[in-house]
Every structure is written in C-alpha cells, then in structure tokens.
2 protein chains.
Amino acid sequence: MKTVAIVGVGLIGGSFALALRAAGFAGKIIGVSSPDAVRAAIERGIIDEALPLADAAAQADLIYLARPIEGILSVLDDLDAYVKPGTLITDAGSTKEAICARATEKIHRARFVGGHPMAGKEARGAAEAEASLFRGRPYILTSPSAELEARIASFGARIVIMSAEQHDVLVAFTSHLPQLISTALAASIGTEPEAARVAGPAAMDLTRLAMSPYEIWRDIFATNATNIDAALSVFIAKLEHLRSALSNAQLEREFENAAAAARLLRNMENP
Amino acid sequence: MKTVAIVGVGLIGGSFALALRAAGFAGKIIGVSSPDAVRAAIERGIIDEALPLADAAAQADLIYLARPIEGILSVLDDLDAYVKPGTLITDAGSTKEAICARATEKIHRARFVGGHPMAGKEARGAAEAEASLFRGRPYILTSPSAELEARIASFGARIVIMSAEQHDVLVAFTSHLPQLISTALAASIGTEPEAARVAGPAAMDLTRLAMSPYEIWRDIFATNATNIDAALSVFIAKLEHLRSALSNAQLEREFENAAAAARLLRNMENP
C-alpha cells in the first residue's frame, strides 16, 4: 500500500491519516476535502497534498470515505469510474446498510468493506484530529479484510466484524437512542427555568450529547429510522415499566438487572 | 462553633468533616455511625471520636445528618430531646420536603436548615470521602443561615437557597429523571446481547448511573414520587415528539432548542 486517499479530512478522516503515520505508514496521503479542511490538514501535516476526487482515486491503493453519510453515498455514485482496478475502498459512516447497499450497486472495479469506528469527540474538524482517537475503541467492519484489519489493529482499535444489518440494529440502541434521550432530557430540563441552579454531575453527563450538531444526525436518522423507532419502543416500555414500579419492591430487581447490563457493557469494552 | 456531630459518616458525612478541617475548623468532630464506618473514619482521621446519638447531640453546636433519607427522618424523630438548646441541625438528604416537614414537626429546641450538596461519586463510604467533594458544586439550603452559609462557602461550594418544594421539583428533572433514564437505557441495551461489541462513549456515559445501588434510590422515590412522575411525563412526551419528528425538518429545531438548554446548564454550572 503506497498511496492512501482520505475523502473528507475532518476529525475521523484526519485521525485515520494521523493513526496511519503513527503506525509507520510511509507512503503518500492525499486529501479530498473542502478548501478550509485541506488548508487545516496540510498545516498540521495530516495530508501530503490535496487533489480532486478523480485524481486522488486514480492513484490510491486505499480510499477512506469519511464524509457524512449522504456525502459517502454521493461519492459512491461516482467513484467506480475513477479507481485503480482492485483498489480497496472503506468508509467511516455511522450507519452501514444504506452505504453497503449503494457500494454493492455501484462499485464493480474495486473492493468495498464498510467500516465504522466507534470513536469521536465533541469538537470536530481536522484541527481536532488525533492519532490515538481509535485506541481501545470498537471498530466495526462489515466483512473480513486481512489488509484493513492489520492497519486498524495497528491503531490499537478493537476490530469487530458483523453484517451491516446487525450493526444498524445495535447502534440504534447504543448510539442513536442515547442521542435522542439526551436531546429529550435537555429539552425536559429546559422546561424548568431554575433547573440549572441545582444541576449536578448526573444532569451534566446525560445532556452532553444534546449539544451534538443536527447535521451529523440528520443522515443517521434518515438511514436508520426503522431500527431507531424499534429501539425507542423498547426504551419507552422499559421507562414506563420503571414508572409503574416506582413505589413497589419490583423496582429493586429492575435496578439490579440494569446494573448488570451496564457492567456487561464495560467488561466487554475493556476485555 | 466548637463541636460538630456527623450522623452517618459515609462519603458525604466524611467529606463534610474533611472539608471543615481543610477550611480550618479546629474544634472536635464526633461521629455517630455504624461500627465499621466509625473504624474507617477514625483510621483516616475524619472524626476525633465516636459516640451514641444522645451523647454526641448533647455536646454539638452543629449536627450534620448524612444518613439516607429514611435514616434522617428517624433521627429527627428522636433528636429534639438530646440537643443543646439553640444548636444548629442540617442534613444532606437527597429530597427535602419530607425531611423539612418532619423537622418542623419534631424539632423545637434547635434550629433546622435543610441541605443538599449536589456532589457525589460512584464509590461510597468514609474511605472515599474527600475534602474537595463539594468544590464548584451547588449546595442547596432550604433557608438562609449566615453561620452555615459561611462554612459551606469555605468549601468552595456554590450556595443556592430555595424552598424544599422547589428543590424537589427541580431535582426530579436534574437527578431522579437521569437515574431512571440511565436504568431504562441499560435495560434496553441489555435486550440486545451483542450490543456490548459496538458500545462507544455515548452508551458508556449514559449507562454509568445505572450502576447506582438501589438502596440509595428507594428512599428518594418514596419521598418524591409525584414530582418524578410529572418529570417522566414531560420527558416521555419530548421523546415521543422527537420520534414523530424523526423524518422531518422540525427535528432540526428540536436539536437546536435542546442544545441551547444543555449549554445553559453548563454556563450556570461554571458561572
């Protein structure tokens, strides 16, 4: 692998490039991005040069698509004509079914493996990129790929291989539901104008996601609406069950079961 | 103020004692607690001696009630007979209406000011106590008290004075609702056995509270059920509204409003 093209040099794309370098990649990294993103990325030494998509794809042995979901879908519409035959394409989109379906439909001259690093932070953009962003975090791939797995393992990420369909069901619970809950909680607390006077760590932890920008989420909701709706139904039923148990002994068992589920998440996070 | 009695020398009671010392209090600190708690507190130098409630109350100029709510209610039933006339009693219970009502009913020879430090951490017990636990956090008092306010201000806490009734409405939103949400989310994620494979920071942040022990919450639910039920109704309505807006442009405004509410919480937290 001599040349990598990063399409969308923001937090994730920029961090992928930095992680490649930190793991010893000595080839060329080309950025395909907006003029502002390209400038920030070149200043920080994240990319070696910037090119239009067609020119970057023509040289690249690995193409990393790190735009928002709609941007990835639109690049997939055009990319097949530009690629070197047999090149490897992967992405970092937050939902996988729509993207993998589009790739199956449109990409014929290259190999496509869907990807989703479960990493991020509140701030965005290439200026916030860091080589260690993926360390210790799950990195989902929708099919095995020895080449890609070796690279990602070198970042310290934990590789998880599962179908696009299963991925989208699970992240509806672990990522999209938390976002909607945080948004609804912040809005609920906002109905009490004096609430900020008493807000402690719990309110802070649970409303942090509510500050996420909508533009990231629009595409996620558009491409995973059915799974999110199902996860919301499970959650609201659980909450109504707790509400009905507020004043009886049943609630103790609910707390114990939920605590066990929360601990299980953590054991699996740090195996 | 020469002698302070701490009734319940756990995380909060122990931290109150350590914060007093750190702020220069040179008098005697007496602990009233279980044998295990007393041993841990004496080993760490948190209290000078341990006494039964009646003997401690007879000496104390300030009595700090830091048991769980039911424990505070039960101490208030007995305490009036033991106190030095005119002594100051305060508490650290998580709900205030039931406790302040009990104090009004039972305490006649001393002054009572309800209190609630919005501080804590996952671990419990005197072994976890720290002098800085209250620093930068809201500390609610149900009525003004120059003496108590001066002490609490010396811990670096942010004093907030509000009625017991308003306190209980607001913490239903900022503390009790987050707890139930976290419990329901952990239980929901627990319905998907493979979810831990993809759980990222969002799932971790929002399920942390789900590991809280039920025994702390039982008394909170028992003494604030009406307000919690009302807060749950507001939250579920907000969440259903988001669900119905998942695929339309209205959702952008909901995200903006919730983000503004979340930012307001933070500005008020760090004034």
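Refer to the structure presented above.
How each quantity is defined
Residues numbered from 1 in each chain as written. Chains lettered and ligands numbered in written order. Predicted model: local features only at pLDDT ≥ 70, side-chain atom pairs only at ≥ 80, totals over all residues. Heavy atoms only, no water. Helix = DSSP H or I, 4+ residues; strand = E, 2+ residues; numbered from the N terminus. Rg over C-alpha atoms; globule rule 2.2 N^0.38 Å. Buried < 20%, exposed > 50% of the residue type's maximum accessible area, 1.4 Å probe, protein only. Contact = heavy atoms within 4.5 Å. Buried area = accessible area lost by both parts, 1.4 Å probe. Salt bridge = Lys/Arg side-chain N within 4 Å of Asp/Glu carboxyl O. Core = buried A, V, L, I, M, F, W, Y, C linked by side-chain atoms within 4.5 Å. Least-squares fit on C-alpha atoms with pLDDT ≥ 70 in both. Phe/Tyr/Trp six-rings, centres within 6.5 Å; stacked < 30°, edge-to-face > 60°.

Caption draft 1: Highlighting the overall build of chain A. Counting secondary structure elements, chain A contains 10 helices and 9 strands. Over its C-alpha atoms chain A spans a radius of gyration of 21 Å, differing by no more than 12% from the 18 Å that the globule rule assigns to 271 residues. Principal-axis analysis of the C-alpha atoms gives chain A an extent of 65 × 35 × 35 Å. Relative to its 271 residues, chain A shows a buried fraction of 54%.

Caption draft 2: A look at the interface of chain A and chain B. On the side of chain B, 80 residues touch chain A, which itself brings 80 residues to the contact. Roughly 7,700 Å² of surface becomes buried between chain A and chain B when both sides are summed, with 74% attributable to carbon and sulfur atoms. Contact with chain B buries area across many residues of chain A, yet Arg197(A), Val198(A) and Phe255(A) alone supply 10% of it, more than any other trio. Where chain A touches chain B, the interface holds 2 salt bridges. Linking Arg243(B) and Asp229(A) is a salt bridge whose minimum nitrogen-to-oxygen distance equals 3.0 Å. Residue assignment for the side of chain A that touches chain B shows that the elements contributing at least two residues are strand E8 (138-141), strand E9 (158-161), helix H7 (164-189), helix H8 (201-207), helix H9 (214-244) and helix H10 (250-269) of chain A. Element by element, the count of residues in the side of chain A that touches chain B is highest for H7(A), at 19 residues.

Caption draft 3: Quick peek at the nonpolar core. By size, the foremost hydrophobic cluster in this structure holds 126 residues, and its most contacted members are Ile63(A), Leu79(A), Phe235(A), Ile63(B), Leu79(B) and Phe235(B). Among residues more than four places away in sequence, those in contact with Leu79(B) are Leu53(B), Ala57(B), Ile63(B), Leu65(B), Ile89(B) and Ile107(B).

Caption draft 4: Layout of the relation of the copies chain A and chain B. Superposing chain A onto chain B takes a rotation of 180° plus a shift of 0.0 Å along the axis, which leaves an RMSD of 0.0 Å. What we have between these two chains is a two-fold relation. The rotation axis passes nearest to the C-alpha of Leu206(A) in chain A, at a distance of 2.9 Å. With an isologous cut-off of 70% or more, the 99% of interface residues of chain A that recur at the interface of chain B puts this contact in the isologous class.

Caption draft 5: The packing of aromatic side chains, seen in detail. One pass over the full model with this rule turns up 15 aromatic pairs over all chains. Counting every residue linked through ring pairs, the aromatic cluster contains Phe16(A), Tyr64(A), Phe134(A), Tyr139(A) and Phe155(A).

Caption draft 6: Structural detail: the pattern of salt bridges. All names here are of chain B. Under the defined criterion, the tally for this structure stands at 27 salt bridges over all chains. With a closest N to O distance of 3.1 Å, Asp36 and Arg39 form a salt bridge. Linking Asp36 with Arg39, this pair stays in helix H2 (residues 35-43), spanning 3 residues, or about one helical turn. Residue Glu240 is joined to Arg243 by a salt bridge in which the shortest nitrogen-to-oxygen separation is 3.0 Å.

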